[in-house]
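Observations on the model geometry
Take a look at the letters that make up each chain.
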Amino acid sequence: MDIAVIDESATTGSSPLHRTSPVAKLLAFTCVLTGVIVNQNVLVVAGITLALASAVVAWRLPAKPIAALAFYPAFFAGIFALASAPDLLTGMLFVAKALTAALAALVLMFTTPYPQVFAPVQRIVPGIVGDAMLMTYRSFFLLAEKFQHLLTAVKLRSGFSRRDLLRTARGTTSALGGLLLYSFDLAQRDYDIMRLRGYEGRLRAKLPPATRPARDAAIVAAAVSLLTVALVFRVLWFALNPLSWLVPLLGAIALCAAAVYRWRS
Amino acid sequence: MSHIHIPDGVLPFWLWASGWIVALALVALAARVSRRADIRRKVPLLGVVAALMLVAMSSEIVPLAYHMNLTVIAGVLLGPWLAIIAAFIVDFILAMVGHGGVTVVGVNTVIISVEMILGWAVFRGLVGLLGRRRVRWSAGIATVLALATTTTLLVGVVALAGGGPATGRETGTLDPGTLRFGNPFSQGVYSINLLRGESARAPGPSQYLSVGRFAVVVYTLGSIGWVIEALVTSAILGYVARVRPNLVFAGAVAEARHEVLPGHHSEGRP
């Protein structure tokens, strides 16, 4: 799971979704997630997955890392399904739900810098939690990079061996131990910087103002329509289940249209 | 076992909502207690320890479907109150990158908090009992005990979610007929006979989560994970205990408070 690639896309990307206001994207994410939660029809959930995939394709978001990250929770959901699902269809539903919810979250995170995602959360959680959340995300990238450097250093000193697993374990553990000590030095440095800057117990992350309300409204409307489909199929399942194949079909058409749009532009 | 990789929409509404309520109450209490002193010191510490857990959790051991957690290490370093906040932050960020559902953040926070607090308490107890020289043993035993307990909690959560007819995957959607939160599928199955659209059947035992099978898989794969986690935790804490003993025996907050940089006076010291 490479979180660093998310931050790079969120801060350097230039798709229309990057320019959409964070509030609109958060609303849209909530709608899609609610749809995934309430719907229990694997075909409808698959249709929502395809709709999200078409957004990724049409707006040229980094498809490979998004797919890799989305399949990570799907893998664990597959293990959960194997261990507990009563039948194949329910197992498929578990995996589809994990994949779709992850895809929705990733589309949000790949197009929105993390302070803007955390800003609304910061307003409702206690100050120490909101601030530590921002510090965690920032520290993660520093520590992940440092960990890679430490592993390289261990490799160069022949700390890893395919034949000698004990040596490899020792090398990895000493790298993690080194990382732990480094992390406390990092915390000390952060503390000094925060003292110098006059930190008094609140880091403020601001949300940028909406620049294109029409686009924001369109994104929210699209998400609301997905939620409506999920709700309608949930409530009127008795009448609509025979037609549920239409949802993934529409999703597949949207994906093809997105691929053509991307190829031609 | 640390946290559950259960997708959104699988646990019943009452269960994940209760998880969120309990987790938020715990976090609010922990924040209130932690705010009493030295908040500037605690925020960066919390940040780096939570980030360390994220780094560990971001690489899985594929054949076992297991990844390192470092929860006991984080618990030992942060102490019980800050551990709760760290658990919430880690779960929230993981959910935002799709690793575990957003709805299960509450349940996961409670489970990880229990793991961290239990690890911290058992480690402290064992260090008092066995002495500082046996820090590796203390760390290993604390880790296995904490992970075994939370794995049992996890099985309990799945049992609550799918064990009985009253909870048959109810997700609490709004019933337009009665305008009450209820389960329109309480009479039948939601995905079986999906394409044929047959009428609802009364739910039978096979339509609920298989708790027994889940427990067998989790305890079998999980126990291997406990051993790996215990070995790594004991090695790391043993290593840190030799280099920076205060960090392990007094906790990170206390250790940082006594560190005086050139030209600075740290709080708590004239």
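Residues numbered from 1 in each chain as written. Chains lettered and ligands numbered in written order. Predicted model: local features only at pLDDT ≥ 70, side-chain atom pairs only at ≥ 80, totals over all residues.

Secondary structure summary: chain A contains 12 helices and 0 strands in total. Burial status across chain A gives 48% buried among its 265 residues. Considering only intrachain contacts with a sequence separation of at least 6, the fraction spanning at least 24 residues in chain A is 81%. (Helix = DSSP H or I, 4+ residues; strand = E, 2+ residues; numbered from the N terminus. Buried ≥ 20, exposed ≤ 12 C-beta atoms within 10 Å, placed from the backbone. Contact = placed C-beta atoms within 7 Å.)

Along its length, chain B carries 9 helices and 4 strands. Each helix and strand of chain B, ordered N terminal to C terminal, gives the series α-α-β-β-α-α-α-α-β-β-α-α-α. Counting across all 270 residues of chain B, residues that qualify as buried make up 55%. Sequence separation of 24 or more characterises 72% of the internal contacts of chain B that already satisfy a separation of 6 or more.

In this assembly, 74 residues from chain A lie in contact with 74 residues from chain B. The set of elements that each furnish at least two residues to the side of chain A that touches chain B consists of helix 3 (22-38), helix 4 (42-58), helix 5 (63-84), helix 6 (88-111), helix 8 (127-156), helix 9 (165-196) and helix 10 (213-235) of chain A. With 17 residues, the top contributor of residues to the side of chain A that touches chain B is helix 9 of chain A. Of the residues that constitute the side of chain A that touches chain B, the class distribution is 54 nonpolar, 14 polar and 6 charged. (Nonpolar A, V, L, I, M, F, W, Y, C, P; charged D, E, K, R; others polar.)

Residue and element names in this part refer to chain A. The domains assigned to chain A are domain 1 (4-117 + 208-264) and domain 2 (125-196). Each of domain 1 and domain 2 was reduced to a C-alpha centroid, and the two centroids are 33 Å apart. On the side of domain 2, 4 residues touch domain 1, which itself brings 4 residues to the contact. Of all the secondary-structure elements, those providing two or more residues to the side of domain 1 that touches domain 2 are helix 1 (4-12) and helix 7 (114-124). Considered class by class, the residues forming the side of domain 1 that touches domain 2 number 3 nonpolar, no polar and 1 charged. (Domains from an automatic or database assignment.)

A general feature of soluble globular proteins is that nonpolar side chains tend to end up buried together. Core analysis: the largest hydrophobic core is formed by 173 residues, its most contacted members being L52, I85 and A86 of chain B. The biggest single contributor to this core is helix 6 of chain A, with 16 residues. Once you skip the residues sitting within four places of it in the chain, L52 of chain B turns out to touch L143, L179, L180 and S183 of chain A together with L70 and A74 of chain B. (Core = buried A, V, L, I, M, F, W, Y, C linked by C-beta atoms within 7 Å.)

All names here are of chain B. Packing of helix 1 (residues 13-34) against helix 4 (residues 80-96) leaves a shortest axis separation of 8 Å and a crossing angle of 135 degrees. With respect to helix 4, the element helix 1 is oriented oblique. Between helix 1 and helix 4 the crossing geometry is left-handed. Counted together, A23, L26, V27, A30, A31, V33 and S34 of helix 1 and W81, L82, I84, I85 and F88 of helix 4 form the full contact between these two elements. Of the residues contributing to the contact of helix 1 with helix 4, the split by class is 11 nonpolar, 1 polar and no charged. (Axes fitted to C-alpha atoms, helices over the stretch in contact; angles between N-to-C directions. Parallel < 35°, antiparallel > 145°, perpendicular 65-115°, else oblique. Left-handed = near helix turned anticlockwise from the far one by under 90°.)

Residue and element names in this part refer to chain A. Topologically, A254 is positioned in helix 12 (residues 246-264). Put simply, A254 and R212 are 42 residues apart on the chain and 24 Å apart in space, counted from C-alpha to C-alpha. Setting aside anything within four residues of it in sequence, one finds A254 in contact with L50, A51 and S54.

Here we come to the environment of A221 of chain A. In this structure, A221 of chain A sits in helix 10. The spacing of A221 of chain A and H18 of chain A is 203 residues in sequence and 17 Å in space, taken between C-alpha atoms.

Overall, the prediction assigns chain A a mean pLDDT of 85, with 96% of residues at 70 or greater. By mean pLDDT, the top-scoring element of chain A is helix 4 of chain A (93), and the lowest-scoring one is helix 11 (residues 237-240) of chain A (78). (pLDDT = per-residue confidence, 0-100.)

In this section: helix 4 of chain B. Between its first and last C-alpha atoms helix 4 of chain B spans 25 Å; for 17 residues at 1.5 Å apiece the expected length is 24 Å, and the two agree. The buried fraction of helix 4 of chain B is high, at 16 of 17 residues. (Expected span 1.5 Å × (residues − 1).)

This next bit is on the confidence of the model for chain B. All names here are of chain B. In the predicted model, chain B carries a mean pLDDT of 75, and the fraction of residues at 70 or more is 69%. Here strand 3 (residues 174-175) stands out as the least confident element of chain B, with mean pLDDT 40; helix 5 (residues 105-130) is the most confident, with 93. This stretch, residues 164-206, has a pLDDT under 50; its non-local contacts, to residues over four places away or in other chains, come to 64 contacts. In this model residues 260-270 is a low-confidence stretch, pLDDT under 50, and it forms 11 contacts with partners more than four residues away in sequence or in other chains. Among the scores for the predicted complex, ipTM is 0.81 and pTM is 0.80.

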